[in-house]
Amino acid sequence: LGKIDLVSNQILKGSLGLTVELRSAQELRGVQAAYAAHGESGQEQIYLSKDWLSGASNSTLVATALLEEVGHALDVRFNGDNDSRGDEGHIFASLSLRTKEDLTSSRNTDDHFTMVIDGKTISAEHAAGTIVQQVFVPMRETDIYNSLRAINSTVGNTIWSVVSITATSDGTTV
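Let me begin by describing the structure that accompanies this report. Values in this document were obtained by computation on a predicted structure and should not be read as measured data.

## With respect to the overall build of the chain
Argument step 1. Per the secondary structure count, the chain includes five helices and five strands.
Argument step 2. Seen in sequence order, the chain has helices and strands lined up from the N terminus as α-β-β-β-α-α-α-β-β-α.
Argument step 3. In the chain, which comprises 174 residues, the proportion classed as buried is 29%.
Argument step 4. Sequence-distant contacts in the chain: of pairs separated by 6 or more residues, those separated by 24 or more amount to 57%.

Listed below in structure tokens is the structure:
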């Protein structure tokens, strides 16, 4: 209970000590926000994508992303280097906002990734959110196949998107 009392007092006094820094989507590898226990300065840091922020449709989305990163920070305060299983930040944000979301997948999600900030590789946890983007680019089937193979071999398992491409045999892209 000592840690809970300490963190509760920090929250009530507004002295949790978290800072938020705006960074590019490229630096954050496309995620909305990230939490690093040891940011580029060695201190705890929340990073927010300025690119995503400029297009965020409402303040609730921003607050949810920030709340998720606060959840990651609280996990570090309570558990140190023994990270809770799953995406505890997302679970914390969902429970705090009293959403009706099924959190089963969040309990098994690995939200760890690395990013490069000011030339330093930083280990972090992210709030990726759900971003839907449709881009129609007419391509031949062989080009699609070769592109997907190149992405897979270059990026590996760090793609967090699902790509759906439908094309007919006469070259029409649907």
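## Notes on the pairing of strand β1 (residues 20–23)
Argument step 1. Of the two faces of β1, only the one carrying Glu21 and Arg23 is buried; Val20 and Leu22 on the other face are not.
Argument step 2. Judged from the four bridges that link them, β1 and strand β3 (residues 45–49) form a sheet pairing that is parallel. From the neighbouring strand, Glu21 faces β3, where its bridge partner is Tyr47.

## With respect to the nonpolar core
Argument step 1. Of all hydrophobic cores here, the largest spans ten residues; its members are Leu28, Val31, Ala34, Ala36, Tyr47, Phe113, Met115, Ile117, Ile122 and Ala124.
Argument step 2. Among the elements of the structure, β2 (33–36), β4 (112–117) and β5 (120–127) are those that each provide at least two residues to this core.
Argument step 3. Here this core takes three residues from β4, the largest share from any one element.
Argument step 4. Ignoring anything within four residues of it in the chain, the contact list for Ile117 reads Arg23, Glu27, Leu28, Glu40, Tyr47 and Ile122.
Argument step 5. Listed in part, the six residues of the second largest apolar core include Ala33, Leu48, Val62 and Ala127.

## Some points on the pattern of salt bridges
Argument step 1. One pass over the full model with this rule turns up five salt bridges.
Argument step 2. Across the pair Glu40 and Arg23 runs a salt bridge whose closest N-O atoms are separated by 3.6 Å. Taken as a pair, Glu40 in the loop between β2 and β3 and Arg23 in strand β1 lie far apart in primary sequence, 17 residues in all. Pair check on accessibility: Glu40 and Arg23 agree, each one buried.
Argument step 3. Put simply, Glu21, Arg23, Glu27, Glu40 and Asp118 are held in one network by salt bridges that share partners.

## Brief notes about the packing of helix α1 (residues 2–13) against helix α3 (residues 59–79)
Argument step 1. Across the interface, α1 lies against α3 with an axial gap of 9 Å and an inter-helix angle of 145 degrees. Read as a crossing pair, α1 and α3 show a hand that is right-handed. Residue-level inspection shows Lys3, Ile4, Val7, Gln10 and Ile11 of α1 in contact with α3, the latter providing Leu74, Arg77 and Phe78.

## Considerations on the layout of surface pockets
Argument step 1. By volume, the second largest pocket is sized at about 240 Å³.
Argument step 2. In this structure, the second largest pocket is lined by 13 residues; those nearest its centre are Tyr35, Ala37, Val76, Asp81 and Glu125.
Argument step 3. It is β5 that provides the largest number of residues to the lining of the second largest pocket, a total of three residues.
Argument step 4. Split into classes, the residues belonging to the lining of the second largest pocket amount to five nonpolar, four polar and four charged.

Analysis parameters
- Residue indices begin from 1 for each chain and proceed along its sequence in written order.
- Confidence filtering applies because this is a predicted model: local features only for residues at pLDDT of at least 70, side-chain atom pairs given and counted only at 80 or more, and all residues used for totals across whole chains, interfaces and linings.
- Excluded from the side-chain calculation are hydrogens and water; included are all heavy atoms of the structure.
- By the criteria applied, helices consist of DSSP H or I runs no shorter than four residues and strands consist of E runs no shorter than two, each listed in order from the N terminus.
- For each residue, the accessible area found with a 1.4 Å probe, counting protein chains only, is set against the maximum for its type, and the residue is called buried under 20%, exposed over 50%, and partly exposed in between.
- The contact criterion used is simple: two residues touch if any of their non-hydrogen atoms lie within 4.5 Å.
- Between any two strands, at least two bridges found by DSSP are needed for them to pair.
- As used in this record, nonpolar core signifies buried Ala, Val, Leu, Ile, Met, Phe, Trp, Tyr and Cys residues forming a set joined through side-chain atoms within 4.5 Å.
- Take a side-chain nitrogen of Lys or Arg and a carboxyl oxygen of Asp or Glu: if they are within 4 Å of each other, that pair is a salt bridge.
- Only the stretch in contact is used when fitting a helix axis, every axis being a line fitted to C-alpha atoms; angles between N-to-C directions are given from 0 to 180 degrees.
- Throughout, a crossing is termed right-handed when the near helix is turned clockwise from the far one, and left-handed when it is turned anticlockwise from it by less than a right angle.
- The definitions used throughout rest on a 1 Å grid laid over the protein atoms alone, on which a cavity is an enclosed set of points accommodating a 1.4 Å probe that cannot get out and a pocket is an open set flanked by protein within 12 Å on both sides along at least five of seven lines; lining residues are those having an atom within 4 Å of a point.
- Grid points are joined across faces, edges and corners, and a volume is the space filled by probe spheres set on the points.
- Note on residue categories: nonpolar means Ala, Val, Leu, Ile, Met, Phe, Trp, Tyr, Cys or Pro, charged means Asp, Glu, Lys or Arg, and polar means any other residue, Gly included.

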